[in-house]
Amino acid sequence: MRLLLKMAWRNIWRNKRRSILTLLAVGFATLASIAMRGVQLGTYEINIVNAVEMFTGYIQIQRPDYKEDRSVNQAFYPDENLITRLSEIPHIVSFSRRIYADGLISKGDNSLGAAIIGVDRDKEQNVSRILTRVTEGRIFRKPYEIVIGYKLLDNLKAKIGDEVVVLAQGADGSMGNLKFKVVGALRTGSPQIDEMGVMMNLETADELLAMYGRIHAIAIKVDELTNIQEVKENILPLLNRKLGVYDWGELMPDFKETIEFDNVSGIFYLLILISIVAFGILNTVLMSVTERFNEFGVALAIGMPQLKLVLLVLIETMMLALTGILIGNLLGWGVNYYLFVNPVEFGGEIKDLYELYGFMPVIKSSLEFSIFLNTTLTVMIISAIAVIYPLYKVNNLEPLKGIRYT
């Protein structure tokens, strides 16, 4: 085997130009795959974190039917034991109780639909960043103060400091209405919140909607996206049959599907790139084998086993591929590290376009080990497939035909 390795390495460099071009092709394919995949996963992660930390949360506890029937009656009493145990679960950073409802907001003769959101102000600031998006005025501090979406503020023809009336049907069937002072305007990038959002203190929402201590969800912040499943498994035993635990993908299925579709299309393009390189490897190895048919014929005639010739060609191909992959991995790590430390932020019209569709106008890479491992294995497998035909030619070569080959 040692002799075969030495022969294979020397054979690679018998035609330096061709070998260097093949190494560059494999290295470029590996570099491009790692860089593209790193940017994909890094950008996905930053957008997912932005989306879940903006308001939704990494995980929510709610009634199973609430996703389909967002009725004010789909509420539950937060068990004190559950609240205590949540604080003890590893990887949970914080959690906050929430109340949701639909209603009307009025000022003078103007009345518009409103998405009412009641939150525990102090705890909510440790779970989401929505209250940091108050771009005018301030967040609510007193019971009858609210912040509303900036578009809703404009459509109401109201301004900060005005008094408005919020109406909503309570959980007991009564019609609740309270007068509030608008103290801030939200600008989140979410059309639903900017055009309809009305945020108030949890206790005030409880009074408006006659909830009597019930809530619609407990939003939970987790330290890392990769720990979500573990946290869900730890929460499940604490819940009764009337409650469920749902991650961000289940809470935002459209957003998840968009990412999955983009992910599949990205993988498809990478496979096309690697397949093109595979044809280059096939061409290089086939030319190298064909040029040496005379040598192979002589080697077979003097008693060299056919299997060793096949193994020699396979070792040459794998050496070429591995060397190219190593170069590509090193360059790919450098590119990914740079984009990980120095994310690219867009401005102007591109920024507006990204934000219109709810994405961060940022390109960031990832240094996940799986990116390098999967790319290496993919290129190796493609290279192994590409060498099948040259190996077949060598395996079926007869000594006399090889000696006479011109």
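Up top is the structure these notes are about.
Please read all numbers here as calculations on a predicted model, not as lab measurements.

## Details of the pattern of salt bridges
Thought 1: Inspection of the entire model under this criterion finds ten salt bridges.
Thought 2: With a shortest N-O distance of 3.4 Å, Lys-232 and Asp-247 are connected by a salt bridge. One end of the pair, Lys-232, is in helix α8 (residues 228-235); the other, Asp-247, is in strand β10 (residues 244-247), and 15 residues separate them in sequence. Pair check on accessibility: Lys-232 and Asp-247 agree, each one buried.
Thought 3: One network of salt bridges, with partners in common, ties together Lys-232, Asp-247 and Glu-250.

## Regarding a nonpolar patch on the surface
Thought 1: A contiguous nonpolar patch, built from Phe-369, Leu-373, Leu-377, Ile-381, Ile-385 and Ile-388 and spanning about 610 Å² of accessible area, is present on the exposed surface.
Thought 2: Here the nonpolar patch gets five residues from one element, more than from any other, and that element is helix α14 (residues 369-386).
Thought 3: With respect to the element layout, Ile-381 can be found in helix α14.

## Comments concerning the packing of aromatic side chains
Thought 1: Counted by the stated rule, this structure contains six aromatic pairs.
Thought 2: For the ring pair Tyr-66 and Tyr-100, a centre distance of 6.2 Å and an interplane angle of 20° mean the geometry is stacked. Residue Tyr-66 is found in the loop between β1 (59-62) and α3 (80-86), and its partner Tyr-100 is found in strand β2 (residues 92-107); the two are separated by 34 residues along the sequence.
Thought 3: Accessibility expressed as a relative area gives 1% for Tyr-66, which makes it buried.
Thought 4: The buried category is assigned to Tyr-100, whose relative accessible area is 10%.
Thought 5: Between Trp-333 and Tyr-337, the aromatic rings sit 5.0 Å apart at their centres with planes inclined by 10°, giving stacked as the arrangement. On the criterion of helical spacing, the pair formed by Trp-333 and Tyr-337 is a turn pair, its members being four residues apart in helix α12 (residues 306-341).

## Here we look at the side chain of Arg-37
Thought 1: Relative to the elements of secondary structure, Arg-37 occurs in helix α2 (residues 16-56).
Thought 2: Summary of buried charges: Arg-37 has no salt-bridge partner, and the nearest side chain of opposite charge, Asp-262, is 7.5 Å away.
Thought 3: For Arg-37, the side chain forms a polar contact with the side chain of Gln-40, separated by 2.9 Å.
Thought 4: Excluding its chain neighbours within four sequence positions, the residues that come into contact with Arg-37 are Asn-263, Ile-267, Leu-270 and Ile-371.

## A short note on the environment of Ser-366
Thought 1: Tracing the backbone through its elements, the reader meets Ser-366 in the loop between β12 (362-363) and α14.
Thought 2: Separated by 29 residues in sequence, Ser-366 and Tyr-337 place their C-alpha atoms 7.5 Å apart.
Thought 3: Apart from residues no more than four positions distant in its own chain, Ser-366 is found in contact with Gly-38, Leu-41, Gly-42, Asn-336, Phe-340 and Ile-371.
Thought 4: Only 3.3 Å separates the side chain of Ser-366 from the backbone nitrogen of Glu-368, close enough to count as a polar contact.

## A short note on helix α7 (residues 202-209)
Thought 1: Every buried residue of α7 is listed here: Leu-202, Thr-204, Ala-205, Leu-208 and Leu-209. Projected onto a plane normal to the axis of α7, the buried residues spread over an arc of 160° and lie on a single side.
Thought 2: Packed against the buried residues of α7 are β2, β3 (110-119), β6 (163-169), β7 (175-186) and β8 (197-201).
Thought 3: Looking one or two residues past α7, Ala-210 carries a phi angle of roughly 50°, positive in sign.

## Focus on the environment of Lys-232
Thought 1: Residue Lys-232 is classed as buried on the basis of its relative accessible area, which comes to 11%.
Thought 2: Residues Lys-232 and Ile-61, spaced 171 residues apart in sequence, show a C-alpha to C-alpha distance of 9.6 Å.
Thought 3: Contacts of Lys-232, omitting those with residues within four sequence positions, involve Ile-59, Val-245, Asp-247 and Glu-250.
Thought 4: Polar side-chain contacts of Lys-232 include one of 3.4 Å to the side chain of Asp-247.

## A few points about unusual backbone geometry
Thought 1: One non-glycine residue, Lys-157, lies in the positive phi region at around 55°.
Thought 2: You can see Lys-157 is positioned in the loop between α5 (150-155) and β6.
Thought 3: The phi dihedral of Ala-210 is positive, around 50°, even though this residue is not glycine.
Thought 4: Topologically, Ala-210 is positioned in the loop between α7 and β9 (217-222).

## Concerning the layout of surface pockets
Thought 1: Estimated volume of the second largest pocket: approximately 620 Å³.
Thought 2: Along the wall of the second largest pocket there are 25 residues; nearest its centre are Leu-41, Glu-45, Ile-48, Leu-225 and Glu-368.
Thought 3: Counting only elements with at least two residues in the lining of the second largest pocket, the list comes to α2, α8, α9 (248-251) and α10 (253-291).
Thought 4: Considering each element in turn, the lining of the second largest pocket owes the most residues, seven residues, to α2.
Thought 5: Grouping the constituent residues of the lining of the second largest pocket by class yields eleven nonpolar, seven polar and seven charged.

What counts and how
Residues numbered from 1 in each chain as written. Predicted model: local features only at pLDDT ≥ 70, side-chain atom pairs only at ≥ 80, totals over all residues. Heavy atoms only, no water. Salt bridge = Lys/Arg side-chain N within 4 Å of Asp/Glu carboxyl O. Helix = DSSP H or I, 4+ residues; strand = E, 2+ residues; numbered from the N terminus. Buried < 20%, exposed > 50% of the residue type's maximum accessible area, 1.4 Å probe, protein only. Patch = residues over 30% accessible without salt bridge, like charges linked within 9 Å, V, L, I, M, F, W, Y side chains within 5 Å. Areas by Shrake-Rupley, 256 points an atom, 1.4 Å probe, with all protein chains shown as cover. Phe/Tyr/Trp six-rings, centres within 6.5 Å; stacked < 30°, edge-to-face > 60°. Lys, Arg positive; Asp, Glu negative; His and termini not counted. Polar contact = N/O pair within 3.5 Å; in protein donor to acceptor, adjacent residues only side chain to side chain. Contact = heavy atoms within 4.5 Å. Arc of directions from axis to C-beta. 1 Å grid on protein atoms, 1.4 Å probe; cavity = no way out; pocket = protein on both sides within 12 Å on 5 of 7 lines; lining within 4 Å. Points joined across faces, edges and corners; volume = space filled by probe spheres on them. Nonpolar A, V, L, I, M, F, W, Y, C, P; charged D, E, K, R; others polar.

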